[in-house]
Amino acid sequence: VQLQASGGGLVQAGGSLRLSCPASGNTFNSYAMAWFRQAPGKEREFVAAIRWSAGTPFYTDTVKGRFTISRDTAKNTVYLQMNSLKPEDTAVYYCAAGERIILSNIRNSRAYDSWGQGTLVTVSS
């Protein structure tokens with residue numbers, strides 16, 4: 001599976017960005033797709049995930065109500081719409097894919113075996 005994240009950039013606090021991650025190399029009906037992020041000096045953390053077939057979303061508490069994960073099955077692309085951005089959202093954002101991930105592992109980076117290269121999001125105050 002090949003993933004290529006894009007859409008990062010510099011935005012002021014309160015602004016919006018949409019990240020995209022086209023996927024190729026497999027069919028994804030049994031997959032979960034996710035976004036993780038890593039801020040400077042911090043560990044990679046879960047942001048959001050989506051079950052490819054059902055479209056069921058999952059979020060970390062700090063982005064609920066501000067971020068929306070979605071997927072376009074025709075384009076094999078997963079998106080992360082980020083609104084009301086805060087300086088603490090500044091990080092490199094990675095998309096990831098994993099097959100047959102059980103619910104208890106949906107937020108666990110080790111459950112995902114395919115990763116994109118990352119896209120930098122910088123939120124200025």
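Just so you know, these numbers come straight off a predicted model, no measurement behind them. (Residues numbered from 1 in each chain as written. Predicted model: local features only at pLDDT ≥ 70, side-chain atom pairs only at ≥ 80, totals over all residues. Heavy atoms only, no water.)

Caption draft 1: The arrangement of unusual backbone geometry in detail. Unlike most non-glycine residues, Ser-84 shows phi in positive territory, near 50 degrees. Among the structural elements, Ser-84 can be located in the loop between strand 8 (77–82) and strand 9 (91–99). Unlike most non-glycine residues, Arg-100 shows phi in positive territory, near 55 degrees. Relative to the helices and strands, Arg-100 resides in the loop between strand 9 and strand 10 (114–115). (Helix = DSSP H or I, 4+ residues; strand = E, 2+ residues; numbered from the N terminus.)

Caption draft 2: Up close: the state of the cysteines. A full pass over the atoms with the stated rule returns 1 disulfide. The partner cysteine of Cys-21 in its disulfide is Cys-95, sulfur to sulfur 2.0 Å. Disulfide Cys-21-Cys-95: the torsion about the S-S bond is 55 degrees, which places it as right-handed. Linking Cys-21 in strand 3 (residues 17–24) with Cys-95 in strand 9, this pair joins segments that are 74 residues apart in sequence. On the accessibility criterion, Cys-21 (1% relative accessible area) is buried. On the accessibility criterion, Cys-95 (1% relative accessible area) is buried. (Disulfide = S-S within 2.5 Å. Buried < 20%, exposed > 50% of the residue type's maximum accessible area, 1.4 Å probe, protein only.)

Caption draft 3: Focus on the nonpolar core. Trp-35, Leu-80, Met-82 and Tyr-93 are the most contacted members of the largest nonpolar core, which has 30 residues in total. With sequence-adjacent residues up to four places away left out, Leu-80 is seen in contact with Leu-17, Arg-18, Leu-19, Trp-35, Val-47, Ala-48, Phe-67, Thr-68, Ile-69 and Tyr-93. Counting residues in hydrophobic clusters, the runner-up holds 10 residues, among them Phe-36, Ala-49, Phe-58 and Tyr-112. (Core = buried A, V, L, I, M, F, W, Y, C linked by side-chain atoms within 4.5 Å. Contact = heavy atoms within 4.5 Å.)

Caption draft 4: View of the side chain of Thr-77. Considering the arrangement of structural elements, one finds Thr-77 in strand 8. Once residues within four sequence positions are removed from consideration, Thr-77 is found in contact with Ser-20, Cys-21, Pro-22, Trp-52, Ser-70, Arg-71 and Asp-72.

Caption draft 5: Layout of the pattern of salt bridges. Applying the stated criterion across every chain yields a total of 4 salt bridges. In this structure, Arg-37 and Asp-89 form a salt bridge, with 3.0 Å as the shortest nitrogen-oxygen distance. One end of the pair, Arg-37, is in strand 4 (residues 31–38); the other, Asp-89, is in the loop between strand 8 and strand 9, with 52 residues separating them in the sequence. When sorted by exposure, Arg-37 lands in the same class as Asp-89, which is buried. The salt bridge partner of Arg-66 is Asp-89, with a shortest N-O separation of 2.7 Å. (Salt bridge = Lys/Arg side-chain N within 4 Å of Asp/Glu carboxyl O.)

Caption draft 6: Up close: the side chain of Arg-37. For Arg-37, a relative accessible area of 5% corresponds to the buried category. The contact partners of Arg-37, leaving out residues within four places of it in the chain, are Glu-43, Arg-44, Glu-45, Val-47, Thr-62, Val-63, Phe-67, Glu-88, Asp-89, Ala-91, Val-92 and Tyr-93.

Caption draft 7: Layout of the sheet that holds strand 3. Sheet architecture is open: 4 strands sit in the order 1-3-8-7, paired in antiparallel fashion. This sheet does not close on itself; its edge strands, each paired only once, are strand 1 (2–3) and strand 7 (67–72). Relative to strand 8, strand 3 is paired through 6 bridges, and the arrangement is antiparallel. Looking at strand 8, one finds that Cys-21 is bridged to Val-78. (Pairing = 2+ DSSP bridges.)

Honestly, it's all geometry; don't read function into it.
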